[in-house]
Amino acid sequence: MALKTDAIGKSWPAHEYEVGREKIREYAQATGMDDPVYLDREAAREAGFRDVVAPPMFCVVYCAGAMAPVLFDPEVGMNFAAMVHGGQEFEWGVPVCSGDLITTSATCREIYEKTGKGFYVFESVSTNQEGEQVVRAVWTNIVRGV
Amino acid sequence: MAESGSAKRGTELKQGEQIEELRVTPDKYLPHRYAGASGDFNPIHIDPEFARSVGLPGSILHGLYVMALVSKASIDAAGGDPRSLRRLSVQFRGMSVPEQEIVVSGEVVEADGERAEVDLVAAQGENRVIRNARAELDTGAPD
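Computed from a predicted structure; not experimentally measured. (Residues numbered from 1 in each chain as written. Chains lettered and ligands numbered in written order. Predicted model: local features only at pLDDT ≥ 70, side-chain atom pairs only at ≥ 80, totals over all residues. Heavy atoms only, no water.)

### Some details on the overall build of chain B
Thought 1: When you go through chain B residue by residue, the secondary structure sums to 4 helices and 5 strands.
Thought 2: Taken from N to C terminus, the helices and strands of chain B fall in the order β-α-α-α-α-β-β-β-β.
Thought 3: With the principal axes as the frame, chain B shows a C-alpha extent of 55 × 30 × 20 Å.
Thought 4: Burial status across chain B gives 50% buried among its 143 residues.
Thought 5: Contacts in chain B between residues far apart in sequence, at least 24 positions, make up 66% of those at least 6 positions apart.
Thought 6: Here chain B displays about 6600 Å² of accessible surface, and carbon together with sulfur accounts for 46% of that area.
Thought 7: Averaging the coordinates of the 16 positive side-chain charges in chain B and doing the same for the 23 negative ones gives two points 3 Å apart. (Helix = DSSP H or I, 4+ residues; strand = E, 2+ residues; numbered from the N terminus. Buried < 20%, exposed > 50% of the residue type's maximum accessible area, 1.4 Å probe, protein only. Contact = heavy atoms within 4.5 Å. Areas by Shrake-Rupley, 256 points an atom, 1.4 Å probe, with all protein chains shown as cover. Lys, Arg positive; Asp, Glu negative; His and termini not counted. Charge placed at Lys NZ, Arg CZ, Asp CG, Glu CD.)

### Let's talk about the packing of aromatic side chains
Thought 1: The final tally for this structure, using the stated rule, is 10 aromatic pairs over all chains.
Thought 2: Residues Tyr27(A) and Phe58(A) carry aromatic rings whose centres are separated by 5.7 Å and whose planes lie at 85° to one another, so their mutual orientation is edge-to-face. Here Tyr27(A) is found in helix α1 (residues 21-30), whereas its partner Phe58(A) is found in the loop between α2 (41-46) and α3 (59-71), with 31 residues between them in sequence.
Thought 3: On the numbers, 5.6 Å between centres and 90° between planes, the contact of Phe90(A) with Trp139(A) is edge-to-face. Here Phe90(A) is found in strand β2 (residues 83-92), whereas its partner Trp139(A) is found in strand β5 (residues 133-144), with 49 residues between them in sequence. One exposure class covers both Phe90(A) and Trp139(A), and it is buried.
Thought 4: Feature note: the residues Tyr17(A), Tyr27(A), Phe58(A), Tyr62(A), Tyr34(B) and Tyr65(B) constitute an aromatic cluster, connected by ring pairs.
Thought 5: Taking NZ or CZ as reference, Lys114(A) lies 5.6 Å from the ring centre of Phe119(A), over its face. (Phe/Tyr/Trp six-rings, centres within 6.5 Å; stacked < 30°, edge-to-face > 60°. Lys NZ or Arg CZ within 6 Å of the ring centre and 35° of its normal.)

### A few points about the pattern of salt bridges
All names here are of chain A.
Thought 1: One pass over the full model with this rule turns up 22 salt bridges over all chains.
Thought 2: Put simply, Lys10 and Glu75 hold a salt bridge, and the shortest N to O gap is 2.7 Å. With a gap of 65 residues between them, Lys10 in the segment before β1 (15-18) and Glu75 in the loop between α3 and β2 connect regions that are remote in the sequence.
Thought 3: Judged by its relative accessible area of 33%, Glu75 is partly exposed.
Thought 4: Where Asp51 meets Arg41, a salt bridge forms, and the shortest distance between an N and an O atom there is 2.9 Å. Within this pair, whereas Asp51 is found in the loop between α2 and α3, its partner Arg41 is found in helix α2, the two being separated by 10 residues in sequence. (Salt bridge = Lys/Arg side-chain N within 4 Å of Asp/Glu carboxyl O.)

Here's what the structure looks like:
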């Protein structure tokens, strides 16, 4: 069966996320990131951040709202029952701190078939309120039996 | 590229060196806390009955949670400053479960004093759930 590839090149509307101190704390505690720069404003300022800083992997939190419509887009048409998260890449720019407003835009980079599996590759770029890039991400989902 | 104000930069990493292992045993309710923190409430992570109905042994850990552990091991290897982690790529291969120890290990494959590349693996016993992980670290001294 031919893989549906219509969504290659498609972009989705930008998503905004406002970063809060307690959300950073919740994420840091759930993932065992115990450095005080994630939890305490004074410690963060002493280390040169303007406020409590988000652990780098907090990007999954502010990207989630941009990625959900991508994954559920009927034009992409992924079969969730047979899907696994195959790979992930993040490249970080300037740090994200409490109070930042992050805007994330996603595009479909590739859809291709290899050894009976469908590979769906999406890219997202997130910037802060100053227009500085905070993370670029490549999300790879694999669907078995396409 | 090091930013000022950091006292933790400048960790010396040498090519071929093993980084310090990170060992974590997530408790039974960790997937619930991670679901709340991340917003990923896929029932395979928080509902053992549902997980078993789709052929899993029970609730499984979120892959991105395990990737967060890989990020921590990488940051710790560079001295603890989150700004040192420039890039991290992973492949998810297999599932991991709560209440079993996860070991993140890694080897420095390139280092020139300013930057280091580290290859990492996250495993539960023999089950290497994250493979071919590669972290790029900024290890330059602060300006």
